[in-house]
2 protein chains.
Amino acid sequence: MKPDRFKTLISEEGLKSTRQRAEILDIFLNSTGHKSLAEIHAWVAKMDPKIGYTTVYRTLKLLTRLGLAAERKFADGETRYEPTHEGTHHDHLICLGCGKIVEFEDDGLESLQDRIARGHGFKIFHHRMELYGYCGPCAHKKTSHRRKG
Amino acid sequence: MKPDRFKTLISEEGLKSTRQRAEILDIFLNSTGHKSLAEIHAWVAKMDPKIGYTTVYRTLKLLTRLGLAAERKFADGETRYEPTHEGTHHDHLICLGCGKIVEFEDDGLESLQDRIARGHGFKIFHHRMELYGYCGPCAHKKTSHRRKG
DNA sequence: CTATGTGCAAAAATTTTGCAGTTCA
DNA sequence: TGAACTGCAAAATTTTTGCACATAG
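Since we're looking at a predicted model, the values are computed, not measured.

### A closer look at the relation of the copies chain A and chain B
Reasoning step 1: The transform that puts chain A on chain B rotates by 179° and translates by 0.1 Å along the axis, for an RMSD of 0.3 Å. Such a combination of turn and shift is consistent with a two-fold rotation axis. No C-alpha of chain A lies nearer the rotation axis than that of A:Met129, which sits 2.2 Å from it.
Reasoning step 2: Counting the interface residues of chain A, we find that 100% of their copies in chain B are interface residues as well, pointing to one common contact surface.

Right under this line is the structure:
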């Protein structure tokens, strides 16, 4: 995702490209994703303390509207945003032990989605799948505890 | 799920079975599921206006802890609760047109989950899958609009 | 120049907690 | 009786909005 694409998108809507938006976009796109507003703002404020929370809030809403960001609400309740990496869809594996979030892509899932949707007369646009469990290291810790315990 | 089961569960924890809890449980279990706290409270208050929002809030948290209810946060942001119908797992089809939420079960999904998890060294306990799109009637409306449009 | 954007502060909407009086076991 | 429960009000969060000033186009 190049900054140019953003400029094109907003000008198409008669909106403006500002210093703040460029700053937020830059930081947001180069982040790992899954960031809460507070986290993004903290990050942005480090670069430019004058940028307010409200601007970050409104910019992320804007990016969501333009399709460059996606709001996500995981089971823990906090609203998070992640860059959309247009074209590629991915889902999430979430470790209940250490909180790590791993992204994955699976074609089987995509076709399964279509089959299920057809069975219910739905026309699907997108889906969300989250797998909750323990990653390798965390699963191992739990197993060790049980051994001879 | 019989009320008796609830009585057993809470007495096991040294908790009490009260009129309010019975009322909330009754209404909650006989609902369609996916209700927000405000909705549940409004419903409960119709039966007994003296029952406060706080009690509903705390009771649903309690039910969640006991495994009788599950908190869900769909993409629209509102926290909703649904009865767990122990043993059966299901996922959701969500209509973006009319907001209808349809539950479904799919064995293929369950095995796919295991395959994906293994590939990433995860041990999965549960998952969440949501398919967003348009149900039959809503999809039809959209199509009609496009015709000769 | 003018419509849009920004930032502060404050309003709204949610979720959670403290406390005094009530109730179940 | 005593620990748990209830309900009100108020605190803590989180999300949104109003408004005066700044700025891109």
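### So, the side chain of A:Lys35
Residues and elements named next belong to chain A.
Reasoning step 1: By the element assignment, Lys35 lies in strand S1 (residues 35–36).
Reasoning step 2: For the buried Lys35, no salt bridge is present, and the opposite-charge side chain at shortest range is Glu39, 5.4 Å distant.
Reasoning step 3: When near neighbours in sequence (up to four residues on either side) are disregarded, Lys35 contacts Ile40, Thr79, Arg80 and Tyr81.

### Here we look at the protein's contact with DNA strand D
Reasoning step 1: Residues in close proximity to DNA strand D total 20 residues, the closest being A:Tyr57, B:Thr18, B:Arg21, B:Thr55 and B:Arg58.
Reasoning step 2: Taking all atoms of DNA strand D within 4 Å of the protein, the share assigned to sugar and phosphate is 68%.
Reasoning step 3: Separating a phosphate oxygen of DNA strand D from a side-chain N or O atom of A:Tyr57 is a distance of 2.5 Å.
Reasoning step 4: Within the side chain of B:Lys16, an N or O atom sits 2.9 Å from a base nitrogen of DNA strand D.

### Focus: the protein's contact with DNA strand C
Reasoning step 1: DNA strand C sits among 20 residues. The nearest are A:Thr18, A:Arg21, A:Thr55, A:Arg58 and B:Tyr57.
Reasoning step 2: The sugar and phosphate moieties of DNA strand C supply 67% of its atoms located within 4 Å of the protein.
Reasoning step 3: One nitrogen or oxygen atom from the side chain of A:Thr55 is found 2.5 Å from a phosphate oxygen belonging to DNA strand C.
Reasoning step 4: Here a phosphate oxygen of DNA strand C sits 2.6 Å away from a polar atom, N or O, in the side chain of B:Tyr57.
Reasoning step 5: Elements represented by at least two residues in the surface near DNA strand C include exactly helix H2 (19–29) and helix H4 (53–66) of chain A together with helix H4 (53–66) of chain B.
Reasoning step 6: At five residues, H4(B) tops the list of elements feeding residues into the surface near DNA strand C.
Reasoning step 7: Within the surface near DNA strand C, the residues separate by chemical class into four nonpolar, nine polar and seven charged.

### Let's talk about the interface of chain A and chain B
Reasoning step 1: Taken residue by residue, the interface counts 37 residues in chain A and 37 residues in chain B.
Reasoning step 2: Here chain A and chain B share an interface that buries about 3100 Å² over both sides, 69% of which is from carbon and sulfur atoms.
Reasoning step 3: Per-residue buried area on chain A facing chain B is highest for A:Phe122, A:Arg128 and A:Tyr132; these three make up 21% of the total on that side.
Reasoning step 4: Where chain A touches chain B, the interface holds four salt bridges.
Reasoning step 5: Across the salt bridge formed by B:Glu130 and A:Arg128, the nearest N and O atoms sit 3.1 Å from each other.
Reasoning step 6: Looking at the side of chain A that touches chain B, the elements that each hand over two or more residues are strand S4 (91–95), strand S5 (101–104), helix H5 (107–119), strand S6 (123–134) and helix H6 (136–146) of chain A.
Reasoning step 7: Per-element accounting of the side of chain A that touches chain B gives the leading share, twelve residues, to S6(A).
Reasoning step 8: Residue classes in the side of chain A that touches chain B are distributed as 20 nonpolar, nine polar and eight charged.
Reasoning step 9: As paired strands, S6(A) and strand S6 (residues 123–134) of chain B are joined by eleven bridges and run antiparallel to one another.

### Here's the deal with the packing of aromatic side chains
Reasoning step 1: In this structure the tally under the stated criterion is two aromatic pairs over all chains.
Reasoning step 2: Summarising the aromatic geometry, the rings of A:Phe125 and B:Tyr134 are spaced 5.4 Å apart at their centres and angled 85° between planes, so their arrangement reads as edge-to-face. Of the two residues, A:Phe125 is situated in strand S6 and B:Tyr134 in strand S6; the pairing between them involves two chains.

### With respect to the packing of H2(A) against helix H3 (residues 37–47) of chain A
All names here are of chain A.
Reasoning step 1: Viewed as axis vectors pointing N to C, H2 and H3 meet at an angle of 120°, and their least axial separation amounts to 10 Å. For the element pair H2 / H3, the angle class is oblique. In the crossing of H2 with H3, the sense of the turn from one axis to the other is right-handed. Contact residues: Glu23, Ile24, Ile27 and Phe28 in H2; Ile40, Trp43, Val44 and Met47 in H3.

### A word on the packing of helix H2 (residues 19–29) of chain B against H4(B)
Residue and element names in this part refer to chain B.
Reasoning step 1: Where H2 meets H4, the closest approach of the two axes is 10 Å, and the angle between their N-to-C directions is 70°. Considering their axes alone, H2 and H4 lie roughly perpendicular with respect to each other. Like other packed secondary-structure pairs, H2 and H4 cross with a definite hand, here right-handed. Of H4, the residues touching H2 (which contributes Gln20, Arg21, Ile24, Leu25 and Phe28) are Thr55, Val56, Thr59, Leu60, Leu62 and Leu63.
Reasoning step 2: Residues belonging to the contact of H2 with H4 are distributed by class as follows: seven nonpolar, three polar and one charged.

Quick notes on the rules
The numbering scheme is per chain: residues are counted from 1 as the chain's sequence reads. Chain A is the first chain written and ligand 1 is the first ligand written, with later ones labelled in order. Reporting in this predicted model follows two pLDDT cut-offs: at least 70 for local features of residues, and 80 or more for side-chain atom pairs to be given and counted; totals over whole chains, interfaces and linings ignore these cut-offs and use all residues. As a rule here, side-chain values come from all non-hydrogen atoms in the structure, and water together with hydrogens is ignored. Copy-to-copy alignment: least squares on C-alpha atoms, limited to residues at pLDDT 70 or above in both. Throughout, a residue-residue contact means that at least one pair of heavy atoms, one from each residue, lies within 4.5 Å. Strands here are runs of E lasting at least two residues and helices are runs of H or I lasting at least four, both read from the DSSP assignment and numbered beginning at the N terminus. Relative accessible area decides the class of each residue, using a 1.4 Å probe on protein chains only: under 20% of the type maximum gives buried, over 50% gives exposed, and in between gives partly exposed. Think of it this way: Lys and Arg go in the positive column, Asp and Glu in the negative one, and His and the chain ends go nowhere. A carboxyl oxygen of Asp or Glu within 4 Å of a side-chain nitrogen of Lys or Arg is what we treat as a salt bridge. Whether a residue is near a molecule or strand depends on its heavy atoms: it is near if one of them lies within 4 Å of it. We call two N or O atoms a polar contact when they sit within 3.5 Å, provided that within protein one can donate a hydrogen and the other can accept it, with sequence-adjacent residues counted only if both atoms are side-chain atoms. Residue polarity is assigned by list, with Asp, Glu, Lys and Arg as charged and Ala, Val, Leu, Ile, Met, Phe, Trp, Tyr, Cys and Pro as nonpolar; anything else, Gly included, falls into the polar class. Summed over both partners, the accessible area (1.4 Å probe) lost when two parts come together is defined as the buried area. Any two strands with at least two DSSP bridges between them are considered paired. Any Phe, Tyr or Trp ring, taking Trp's six-membered ring, that has another such ring centre within 6.5 Å forms a pair; planes under 30 degrees apart are called stacked, those over 60 apart edge-to-face, and the others tilted. Every axis corresponds to a line fitted to the C-alpha atoms, with the helix fit spanning only the stretch in contact, and the corresponding angles, defined between N-to-C directions, vary from 0 to 180 degrees. Comment on the angle field: the value is read as roughly parallel under 35 degrees, roughly antiparallel over 145, roughly perpendicular from 65 to 115, and oblique elsewhere. Helix crossings are classified by the rotation of the near helix relative to the far one: an anticlockwise turn of less than a right angle makes the crossing left-handed, while a clockwise turn makes it right-handed.

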